[in-house]
Amino acid sequence: MKTRITEMLGIEHPIMQGGMHFVGFAEMAAAVSNAGGVGIITGLTQRTPDDLAREISHCRDMTDKPFGVNLTFLPSVTPPDYPGYVKAIIEGGVKIVETAGNNPVKWLPALKENGIKVIHKCTSVRHALKAEAIGCDAVSVDGFECGGHPGEDDVPNFILLPRAAEELKIPFLASGGMADGRSLVAALAMGADGMNMGTRFIATKEAPVHENVKQAIVNASELDTRLVMRSLRNTERVLTNAGVERLIEKEKALGSALKFEDIIAEVAGVYPRIMKDGDMDAGAWSCGMVAGLIHDIPTCKDLIDGIMRDAEQIIRGRLVGMLDA
Ligand SMILES: Cc1cc2nc3c(=O)[nH]c(=O)nc-3n(C[C@H](O)[C@H](O)[C@H](O)COP(=O)(O)O)c2cc1C
């Protein structure tokens, strides 16, 4: 399949794996890229720019296909060494960067001078238009159903994607709730040029996370995610567990007086405990409503091949069949 995204990124299938904290290691990114999509290493999971440089080189040992790096810009008192991470990306010869969080404008000149395609992840049409205006090459549009940070507008993809298509000139990926061939065809029908998946890629053989995490996603239904940290305007969609229920009790009790320090036990340092140790009650970790559509743990190649096969069958069989009937 050829779309503006496959052409721009030089990939076979219009499928991207979004950056995921403590999931997006070189093994994950290489598996997705080798399967014809584009895999993404999560920059900030690497403790230092040198670690990121090593992870990029490790990924290159496992694939000769294009892969990218996610750079998430978070407001923080002591920001990570962003100039160092950007340098590691440029010197590592990476040609695709997924930015997320704050406006990436400060980093665009350095990235673009080095021929890097920048895909900014946004949760609203106004942020997507801003990304287009500052010179991003594409955007990834994350609907309310997505795992991670859906923003504060709560617009689901059935509205958000066609709205993005009405306004944007640059290509965009549909993100949030995407799982299979049906998702891809629907995303394309609503004007997207491909799809980005997070949660679905965690439940794959190659995802470098504890088996408990994969099983938790397979076991979960679409009713099992919760929104947390809304009153801090840092809303995150997470899979429910004992730690999350505790967090929600604190949110109810403290209301608008809640401060980050009140919930630090349920949100700080949780990712390694979940992803590496499989301690599934440790606290809040991002997971999409799409868990309800995930029933197996395939290889990335089987997953992507199946998506493309099903998409073709839906288009050529079901849809054209309806027109021709
Ligand atoms: C466990 C997990 C960790 C994530 N970490 C990040 C991150 O560090 N930076 C980021 O930009 N997005 C992050 N995301 C969001 C994904 O890149 C992607 O946008 C989202 O998962 C899409 O929704 P889906 O899960 O319904 O496919 C994370 C998602 C998950 C599930």
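Residues numbered from 1 in each chain as written. Predicted model: local features only at pLDDT ≥ 70, side-chain atom pairs only at ≥ 80, totals over all residues.

Asks: Mind showing me how you'd approach the site of the ligand here?
Replies: Of all residues adjacent to the ligand, which total 28 residues, the nearest are G18, A100, G147, G198 and G288. Broken down by secondary-structure element, the contributors of at least two residues to the shell around the ligand are β3 (67-73), β8 (194-197) and α9 (199-202). Counted by class, the shell around the ligand contains nine nonpolar, 16 polar and three charged residues. (Near = placed C-beta within 6 Å. Helix = DSSP H or I, 4+ residues; strand = E, 2+ residues; numbered from the N terminus. Nonpolar A, V, L, I, M, F, W, Y, C, P; charged D, E, K, R; others polar.)

Asks: I keep staring at the pairing of strand β7 (residues 172-175) and nothing clicks. Help me out?
Replies: The side chains of a regular strand alternate, first on one face of the sheet and then on the other. Every second residue of β7 is oriented toward a common face, with F172 and A174 on one face and L173 and S175 on the other, all of them buried. Relative to β7, strand β6 (residues 138-142) is paired through four bridges, and the arrangement is parallel. Paired with V139 across the two strands is F172, which belongs to β7. You can see the chain leave β6, run along helix α7 (residues 157-167) and come back into β7, and the turn it takes is right-handed. What joins β7 to β8 is helix α8 (residues 181-189), and the crossover it makes is right-handed. (Buried ≥ 20, exposed ≤ 12 C-beta atoms within 10 Å, placed from the backbone. Pairing = 2+ DSSP bridges. Right-handed = clockwise from strand over helix to strand, strands pointing away.)

Asks: Please explain helix α14 (residues 300-324) as it appears in this structure.
Replies: Side chains that are three or four residues apart share a direction in an α-helix, a result of its 3.6 residues per turn. For α14, which comprises 25 residues, the first-to-last C-alpha distance of 34 Å matches the rise-based estimate of 36 Å (1.5 Å per residue) to within 8%. By the largest-angle criterion, I314 marks the main kink of α14, which is about 30°. Buried residues of α14: C300, L303, I304, I307, M308 and A311, and no others. Structurally, α14 contributes buried residues whose contacts are with β1 (15-17), α2 (26-34) and α8. (Expected span 1.5 Å × (residues − 1). Bend = angle between axes of the 7 residues up to and from the residue. Contact = placed C-beta atoms within 7 Å.)

Asks: Help me out: how do you make sense of the sheet that holds β6 in this one?
Replies: What holds strands together in a sheet is hydrogen bonding between their backbones, with the strands either parallel or antiparallel. Read across the open sheet, the eight strands follow the order β1-β8-β7-β6-β5-β4-β3-β2; overall the sheet is parallel. Each end of this open sheet is capped by a strand with a single partner; those strands are β1 and β2 (39-42). Within this sheet the neighbouring strands show an average axis-to-axis angle of 30°, counted without direction. In this structure, β3 lies alongside strand β4 (residues 96-101), joined through six bridges in parallel fashion. What sits directly across from L71, in β4, is T99. Running at roughly 170° to β2, α2 makes contact with β1, β2 and β3 of the sheet. Helix α6 (residues 125-134) rests against β5 (117-122), β6 and β7 of the sheet, and its axis sits at about 160° to β5. (Axes fitted to C-alpha atoms, helices over the stretch in contact; angles between N-to-C directions.)

Asks: When you look at the environment of I170 in this model, what are you seeing that I'm missing?
Replies: Tracing the sequence through the fold places I170 in the loop between α7 and β7. Classification of I170 as partly exposed rests on a count of 19 C-beta atoms within 10 Å. Separated by 17 residues in sequence, I170 and D153 have C-alpha atoms that sit 22 Å apart. Sequence-distant contacts of I170, that is, excluding residues within four places in its chain, are made with E132, C136, D137, A138 and V139.

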